[in-house]
Amino acid sequence: MNKNLPSDSVSHAVAVLNKEEVIAYPTEAVFGVGCDPDSEAAVMKLLDLKQRPVEKGLILIAADYEQLKPYIDDAMLSPAQREAVFSCWPGPVTFVFPAKASTPRWLTGRFDSLAVRVTDHPLVVELCRAYGKPLVSTSANLTGQPPCRTTEEVRLQFGDRFPVVDGETGGRLNPSEIRDALTGERFRQG
């Protein structure tokens, strides 16, 4: 069997993403909903679904650091700052980086920065590699509802027809920690 071919679930998710739609997928602690970060139409569908204001900004999740470089201003980091980030990746730590001037406002919101993560969740790595770029990642839950931790919970909140990459979360209890890549300041405990 060729281990380089994406699973059927991932192949279907990529097809849905290519249609500028939103999908759900397991991450380190909870299911996330995501879409193509370069599609304003897809991001607006996600924000509408979540009832989330665009000003708050979003997180990108990626298979590797190279996938994030088109969106972040890597040159703003010193070698020591970069090493501090890389010591946590891949893994469940999200870092806020200075955004490139070309990064769309539908991703950064009111900020000049962007929250990004290189995941160690094998299914998300497979998904991002198959798609060829990072995904927008925010918790899979409707406003006022708890984040989904299983495929069944996603279907209960979003409906049976909502596209889900079926799989297990990474088993963490808390969502990813969020830190500033320049200062190391912790914005959210993981």
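Please refer to the structure placed before this passage.
Nothing here was measured: the structure is a model prediction, and the numbers come from that model.

The rules behind each value
- Residues numbered from 1 in each chain as written.
- Predicted model: local features only at pLDDT ≥ 70, side-chain atom pairs only at ≥ 80, totals over all residues.
- Heavy atoms only, no water.
- Phe/Tyr/Trp six-rings, centres within 6.5 Å; stacked < 30°, edge-to-face > 60°.
- Buried < 20%, exposed > 50% of the residue type's maximum accessible area, 1.4 Å probe, protein only.
- Helix = DSSP H or I, 4+ residues; strand = E, 2+ residues; numbered from the N terminus.
- Polar contact = N/O pair within 3.5 Å; in protein donor to acceptor, adjacent residues only side chain to side chain.
- Core = buried A, V, L, I, M, F, W, Y, C linked by side-chain atoms within 4.5 Å.
- Contact = heavy atoms within 4.5 Å.

S.K.: Lay out the packing of aromatic side chains in plain terms, naming residues and giving numbers.
M.R.: A complete count under the given rule lists six aromatic pairs for this structure. Aromatic pair Trp89 and Phe97: ring centres 6.1 Å apart, planes at 20°, arrangement stacked. The pair Trp89 / Phe97 is uniform in exposure class, with both members buried. Taken together, the aromatic side chains of Tyr65, Phe86, Trp89, Phe95 and Phe97 make up a single cluster linked through ring pairs.

S.K.: Quick rundown of the side chain of Glu177? Include the residues and the values.
M.R.: Turning to its location among the elements, Glu177 is positioned in strand 7 (residues 177-180). Polar contacts involving the side chain of Glu177 include one to the side chain of Arg186, which spans 3.4 Å.

S.K.: Outline the nonpolar core, supporting the account with residue identities and numerical values.
M.R.: Among the nonpolar cores identified, the biggest contains 37 residues, and Trp89, Phe97, Leu107 and Val154 are the most heavily contacted of them. Put simply, the parts of the chain that give this core at least two residues each are strand 2 (31-34), helix 2 (40-50), strand 3 (59-62), helix 3 (65-68), strand 4 (93-98), helix 5 (105-108), strand 5 (113-118) and helix 7 (151-158). A per-element tally of this core places helix 2 first, with four residues. Other than its neighbours up to four places away in sequence, Trp89 contacts Tyr65, Leu68, Phe95, Phe97, Val116, Arg117 and Val118. Listed in part, the 17 residues of the second largest apolar core include Val14, Val16, Ala63 and Val124.

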